[in-house]
Number of protein chains: 2
Amino acid sequence: MRYGNPWIRQRMIEEGMRFTEARRAILDILGKSLQHLSAEDIYFKVRRINPSVGFATVYRTLDVLTRMGIVQRFDFGDGKARYELIGGMGKEEHHHHLVCTGCRKIIDYTDFIDEEKELINKTEQALARKYGFYITNHITPVQ
Amino acid sequence: MRYGNPWIRQRMIEEGMRFTEARRAILDILGKSLQHLSAEDIYFKVRRINPSVGFATVYRTLDVLTRMGIVQRFDFGDGKARYELIGGMGKEEHHHHLVCTGCRKIIDYTDFIDEEKELINKTEQALARKYGFYITNHITPVQ
DNA sequence: ATAGATGCAAAAATTTTGCAAGGTG
DNA sequence: CACCTTGCAAAATTTTTGCATCTAT
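Please read these numbers as outputs of a predicted model, since none were measured by experiment.

Peer 1: Which residues make up the overall build of chain A, and what values go with them?
Peer 2: Looking only at helices and strands, chain A has five helices and five strands in total. Sequence-distant contacts in chain A: of pairs separated by 6 or more residues, those separated by 24 or more amount to 46%. Of the roughly 8,100 Å² of accessible surface on chain A, 49% is carried by carbon and sulfur atoms.

Below is the structure:
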């Protein structure tokens, strides 16, 4: 069940990028993960697949994927960023994070998600009109 | 209009802490600021008031104030944390941030805030019941 | 007087960058 | 084969820490 996602591969190639082994491995890892992984987490996981991959490649790949809108980067306030495949984790595409300030445990939740989506949509439209922003994403960690 | 806020001072003393010059100066700065300041921003501003204050004190003070629930820490995704006095800036207590991914400009907004507050309250109550979390804060930057 | 706070500089931790070498389309 | 990507190590950034000294209560 590798993430050799042909759609992502195609998009990268169309944009003049290369779908390398390192990138495929990182997408695999993100696709299979049930957690919100830090760059370090991903680095150690990739190394089990391909021990020659370096830290810089992990960061550069995450940056590329984030810019492409395939990966979402989060800051939960502990000094290191976490990454998550958008629409990944076999869950609903839209969810939030509940972060325990004591133990840093993170719970994804989707309670009242429909009501929220409706409100968010209304808000985003209003903001786009009012401030000229095109909304690409939003985050609501509770911390 | 210094922020020698007697209420905060009293709370600190009650909790066995000291309301030092550095802490008062940092509260002043946060209280007067219309922006979301980084530790570095605050450091340079404090230095204009009291040139002997060091970086470590700024970080330690922000940490204390954050733990006390007086200051809110944000990560907007550019690698450095920003700090904001809760209920400060002469604005409504509850607001959100619109962050431009291009230029990093931040706009505070409160559109649909009443509807949102209602939904948030309902959600928080449900989450608290369901997961046993006591909700202390939430953040919704659009990034 | 005394526990808490500070300043300084060093250390830690995370992320970025330069460049020669390698791999992909 | 051209050009994007990688690995490595060094550098840059932000934040934390140790410890002697200072200071608010």
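Peer 1: Describe the protein's contact with DNA strand C, with residues and values.
Peer 2: Around DNA strand C, a shell composed of 23 residues is seen, among which A:Arg18, A:Tyr59, B:Arg18, B:Arg23 and B:Thr57 lie nearest. Across the atoms of DNA strand C situated within 4 Å of the protein, the share located in sugar and phosphate is 69%. A:Arg60 places a side-chain nitrogen or oxygen 3.3 Å from a base oxygen of DNA strand C. Residue B:Thr57 places a side-chain N or O atom 2.5 Å away from a phosphate oxygen belonging to DNA strand C. Mapped onto the surface near DNA strand C, the elements with two or more residues apiece are α1 (6–14) and α4 (55–67) of chain A together with α2 (21–32) and α4 (55–67) of chain B. The residue inventory of the surface near DNA strand C, partitioned by class, reads nine nonpolar, six polar and eight charged.

Peer 1: Report on the sheet that holds strand β3 (residues 81–85) of chain A, specifying residues and quantitative values.
Peer 2: Residue and element names in this part refer to chain A. Here three strands make up an open sheet; going across it, the order is β1-β3-β2 and the pairing antiparallel. Strands at the two margins of the open sheet, each flanked by one partner only, are β1 (37–38) and β2 (71–75). Taken together, the five bridges between β2 and β3 define a ladder with antiparallel strand orientation. By the bridge assignment, Arg-73 is partnered in β3 with Tyr-83. Running over the sheet, helix α2 (residues 21–32) touches β1, β2 and β3 and is turned about 85° from β3.

Peer 1: Describe the protein's contact with DNA strand D, listing the residues and the values that go with them.
Peer 2: Close to DNA strand D lie 23 residues; A:Arg18, A:Arg23, A:Ser52, A:Thr57 and B:Tyr59 are nearest. Here the atoms of DNA strand D within 4 Å of the protein split so that 68% fall in sugar or phosphate, with bases taking the remainder. Side-chain polar atom of A:Arg23 to a phosphate oxygen of DNA strand D: 2.5 Å apart, as the coordinates give it. Listed by contribution, the elements that provide at least two residues to the surface near DNA strand D are α2 and α4 of chain A together with α1 (6–14) and α4 of chain B.

Peer 1: Which residues make up the environment of A:Leu34, and what values do they have?
Peer 2: Residues and elements named next belong to chain A. Turning to its location among the elements, Leu-34 is positioned in the loop between α2 and β1. Classification of Leu-34 as exposed rests on a relative accessible area of 65%. In sequence terms Leu-34 and Glu-84 are 50 residues apart; their C-alpha atoms lie 9.1 Å from each other.

Peer 1: Which residues make up the packing of α2(A) against α4(A), and what are the values?
Peer 2: Residues and elements named next belong to chain A. The N-to-C vectors of α2 and α4 enclose an angle of 70°; their axes lie 10 Å apart at closest approach. Here α4 runs roughly perpendicular to α2, going by the angle between their axes. Along its contact with α2, which presents Ala-22, Arg-23, Ile-26, Leu-27 and Leu-30, the element α4 presents Thr-57, Val-58, Thr-61, Leu-62, Val-64 and Leu-65. Within the contact of α2 with α4, the residues separate by chemical class into eight nonpolar, two polar and one charged.

Peer 1: Which residues make up the packing of aromatic side chains, and what values go with them?
Peer 2: Residues and elements named next belong to chain A. Across all of its chains, the model carries six aromatic pairs over all chains by this definition. Taken together, a centroid distance of 4.1 Å and an interplanar angle of 10° make the contact between Tyr-43 and Phe-55 stacked. On the criterion of sequence distance, the pair formed by Tyr-43 in helix α3 (residues 39–49) and Phe-55 in helix α4 is long-range, its members being twelve residues apart. Ring geometry for Phe-55 and Tyr-59: centres 5.8 Å apart, planes at 25°, overall stacked. With Phe-55 and Tyr-59 both in helix α4 and four residues apart, the pair spans about one turn of that helix. Since its relative accessible area comes to 45%, Tyr-59 is described here as partly exposed. Aromatic rings pair up to connect Tyr-43, Phe-44, Phe-55 and Tyr-59 into one cluster.

Cut-offs used in this document
Residues numbered from 1 in each chain as written. Chains lettered and ligands numbered in written order. Predicted model: local features only at pLDDT ≥ 70, side-chain atom pairs only at ≥ 80, totals over all residues. Heavy atoms only, no water. Helix = DSSP H or I, 4+ residues; strand = E, 2+ residues; numbered from the N terminus. Contact = heavy atoms within 4.5 Å. Areas by Shrake-Rupley, 256 points an atom, 1.4 Å probe, with all protein chains shown as cover. Near = heavy atom within 4 Å. Polar contact = N/O pair within 3.5 Å; in protein donor to acceptor, adjacent residues only side chain to side chain. Nonpolar A, V, L, I, M, F, W, Y, C, P; charged D, E, K, R; others polar. Pairing = 2+ DSSP bridges. Axes fitted to C-alpha atoms, helices over the stretch in contact; angles between N-to-C directions. Buried < 20%, exposed > 50% of the residue type's maximum accessible area, 1.4 Å probe, protein only. Parallel < 35°, antiparallel > 145°, perpendicular 65-115°, else oblique. Phe/Tyr/Trp six-rings, centres within 6.5 Å; stacked < 30°, edge-to-face > 60°.

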